[in-house]
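Below are the chains, spelled out letter by letter.
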Amino acid sequence: MADLLSWQVEATTLYLRGELDRETLLSLWQQRETTMQNIAVIDVSGLQRVDSAGLALLVHLRQIAQQQGASPVFSGVTDKLRSLITLYNLQQIIVSAENPA
């Protein structure tokens, strides 16, 4: 069974854990506006799996933060996630705190 998605906000960081895919992202999608208030860092180090729907949600979360005046960076991007980001040519959108573009 897939690990459910969980998240936690501490100060200006959103921590994501579990699997971010089309089966698990609904709860975060429903709370995306309030969850993204004052977020500067989206920590994805706790994600075991991300599919294309999850990647789309990450792009959307960044967009929400930008509409609120923030420019969030992503922390803890794994090699697998980095490959997915590259596959979809999103390196300029999903900017890693460890490897800024």
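This text gives an overview of the structure that appears in the document.

## Here we look at the sheet that holds strand β2 (residues 13-20)
Spatially, the four strands line up as an open sheet ordered β1-β2-β3-β4, and their pairing is mixed. This sheet does not close on itself; its edge strands, each paired only once, are β1 (6-10) and β4 (73-75). The average undirected angle you get between the axes of adjacent strands in this sheet is 20°. Looking at chain direction, β1 and β2 are connected through five bridges and run antiparallel. Bridge pairing in β2 links Trp 7 to Leu 16.

## A word on the nonpolar core
Core analysis: the largest hydrophobic core is formed by 26 residues, its most contacted members being Ile 42, Val 44 and Leu 58. Secondary structure elements with two or more residues in this core: β2, β3 (41-50), α3 (52-67) and α4 (79-87). The biggest single contributor to this core is α3, with six residues. With residues up to four places along the chain from it excluded, the contact list for Ile 42 reads Leu 14, Leu 16, Met 36, Leu 58, Leu 61, Pro 72, Val 73, Phe 74 and Ser 75.

## Section: unusual backbone geometry
Despite not being glycine, Asn 38 has its phi angle at roughly 65°, a positive value. Looking at the element boundaries, Asn 38 is found in the loop between α2 (32-35) and β3. Of note, the phi angle at Asn 89 is positive, near 55°, even though the residue is not glycine. Tracing the backbone shows Asn 89 in the segment after α4.

## Some details on the pattern of salt bridges
Across all of its chains, the model carries two salt bridges by this definition. When the shortest N-O distance is used, the salt bridge between Asp 21 and Arg 49 registers 2.8 Å. On the criterion of sequence distance, the pair formed by Asp 21 in the loop between β2 and α1 (26-30) and Arg 49 in strand β3 is long-range, its members being 28 residues apart. Judged by relative accessible area, which is 5%, Asp 21 ranks as buried.

## Quick word on α4
Buried within α4 are the following residues: Leu 81, Leu 84 and Ile 85. Around the axis of α4, the buried residues are gathered within 100° of arc, so they sit on the same side. Exposed positions of α4 whose direction lies more than 90 degrees from the buried face are Asp 79, Lys 80 and Leu 87. The inward-facing, buried residues of α4 abut β3 and α3.

Thresholds, definitions, all that
Residues numbered from 1 in each chain as written. Predicted model: local features only at pLDDT ≥ 70, side-chain atom pairs only at ≥ 80, totals over all residues. Heavy atoms only, no water. Pairing = 2+ DSSP bridges. Helix = DSSP H or I, 4+ residues; strand = E, 2+ residues; numbered from the N terminus. Axes fitted to C-alpha atoms, helices over the stretch in contact; angles between N-to-C directions. Core = buried A, V, L, I, M, F, W, Y, C linked by side-chain atoms within 4.5 Å. Buried < 20%, exposed > 50% of the residue type's maximum accessible area, 1.4 Å probe, protein only. Contact = heavy atoms within 4.5 Å. Salt bridge = Lys/Arg side-chain N within 4 Å of Asp/Glu carboxyl O. Arc of directions from axis to C-beta.

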